[in-house]
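# Structural overview
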Amino acid sequence: MPELPEVEVTRRGIEPHLVGRTIVGVTVRDSRLRWPIPDSVRLLAGQVVRQVSRRGKYLLLDCGEGHLILHLGMSGSLRVVAAGTPPGKHDHFDLEVGKKLLRLRDPRRFGAVLWTTQAPEEHPLIRHLGIEPLSPALDGARLHALTRGHRAAIKQFLMDGRRVVGVGNIYASESLFLAAIHPRTRAGRLSVQRSANLAKSVKTTLRTAIRAGGSSLRDFVGSDGAQGYFQRRAWVYDREGKECRRCGAFIRRIVQGQRATYFCPGCQR
Ligand SMILES: [Zn+2]
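One structure accompanies this document, and this report is about it. A quick note: this is a predicted structure, and the numbers were derived from the prediction, not measured.

This part takes up the nonpolar core. In this structure, Leu143, Ile154, Val164, Ile181 and Leu198 are the most contacted members of the largest nonpolar core, which totals 35 residues. Breaking this core down by element, the ones donating at least two residues are helix H1 (4–18), helix H3 (154–159), helix H4 (169–178), helix H5 (192–214) and strand S10 (259–263). The element best represented in this core is H5, accounting for six residues. Contact partners of Leu198, with chain neighbours within four places excluded, come to Leu143, Ile154, Leu158, Ser175, Leu176, Ala179, Ile181 and Leu190. One finds Val7, Val52, Leu59 and Leu78 within the second-largest nonpolar core, a separate group that totals 27 residues.

Okay, structure coming up:
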């Protein structure tokens, strides 16, 4: 499933091909995504893309008269291909921009292509999203304040998109390792100092993944995206029974909220 770093790498990959360009055509081959692609997306023809931004895992194309909202769902990827490139079976949506196509491939069709003329931050899918983890607003003091009164384990708090958006399972495990915090620690019990360490670790983990994905940016045109690039470098994720790269203890796997958590019993207390 594309996580926040993949979405940010996608944003950076498609941005230079779109900003300042006029949309000359819209093709919907199959509108049955997570929600039906609305007919109104055809109105995009003739509009100029002003900005490509991201909120959580939603990509927002500012087209002046409104925003196209894109989500990659479970299996989606966006690629930039030459106009006229024949579509594959799962290529459901194209935006024709100049001599190129922004093409959505989504085999499982859990992705989304939506259009809104309201402020995107007020859209029902976006309004309730938690704080953006890479934003300077998420510092130790803010994370400490956000966690007060929460009895949930910090791992589950981090993965709750209404609190902090876009920290998926891999990144939550890795961030807690870097901050030396046991994943079962109650969120509300974190000190100011440990909150600061964790806020910093979340940013470091996500930025590392974005940088790793960034090496595939130059191949973005015509590539299949940048999925799966992070696991090779993981400290704990998917390393059960292997030695911790810091202390040599064996990495453990537990289940929290039906999701696997990996941690080092030596480093994380
Ligand atoms: Zn360790």
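Once that is clear, we can look at the environment of His144. Its location among the elements puts His144 in helix H2 (residues 140–147). Excluding residues that lie within four positions of it along the chain, His144 makes contacts with Leu190, Ser191, Val192 and Ser195.

Right, let's get into the environment of Leu4. The residue Leu4 is located in helix H1 in this model. We classify Leu4 as buried; its relative accessible area is 0%. Sequence separation between Leu4 and Gly56 is 52 residues, and the spatial gap between their C-alpha atoms is 6.6 Å.

The next thing to look at is H1. One full turn of an α-helix is made of 3.6 residues, so residues set three or four places apart face in the same direction. End to end, H1 covers 20 Å across 15 residues, agreeing with the expected 21 Å (1.5 Å per residue, within 8%). The element H1 is extensively covered by neighbouring structure, given that 12 of its 15 residues are classed as buried. Listed in full, the buried residues belonging to H1 are Leu4, Pro5, Glu6, Val7, Glu8, Val9, Thr10, Arg11, Gly13, Ile14, His17 and Leu18.

Note on sheets: strands pair through backbone hydrogen bonds, and any given pair is parallel or antiparallel. Read from one edge to the other, the open sheet built from four strands follows the order S2-S3-S4-S8, with strand pairing classed as antiparallel. Looking along the sheet, the strands with just one partner apiece sit at the ends: strand S2 (51–55) and strand S8 (112–116). Averaged over all adjacent pairs, the angle separating strand axes in this sheet is 25°, with direction ignored. The pairing of strand S3 (residues 58–62) with strand S4 (residues 67–71) spans five bridges and is antiparallel. Within S4, the residue paired with Asp62 across the bridge is His67.

If you walk through the whole model with that rule in mind, you get 16 salt bridges. Among the ionic pairs, Asp94 bridges to Arg29, the shortest N-O distance being 2.4 Å. In this pair, Asp94 sits in strand S6 (residues 91–97) while Arg29 sits in the loop between strand S1 (23–28) and S2, placing the two residues 65 residues apart along the sequence. One salt bridge connects Arg103 with Asp94, and the closest N-O pair in it is separated by 2.9 Å.

Definitions and cut-offs
- Residues numbered from 1 in each chain as written.
- Predicted model: local features only at pLDDT ≥ 70, side-chain atom pairs only at ≥ 80, totals over all residues.
- Heavy atoms only, no water.
- Core = buried A, V, L, I, M, F, W, Y, C linked by side-chain atoms within 4.5 Å.
- Buried < 20%, exposed > 50% of the residue type's maximum accessible area, 1.4 Å probe, protein only.
- Helix = DSSP H or I, 4+ residues; strand = E, 2+ residues; numbered from the N terminus.
- Contact = heavy atoms within 4.5 Å.
- Expected span 1.5 Å × (residues − 1).
- Pairing = 2+ DSSP bridges.
- Axes fitted to C-alpha atoms, helices over the stretch in contact; angles between N-to-C directions.
- Salt bridge = Lys/Arg side-chain N within 4 Å of Asp/Glu carboxyl O.

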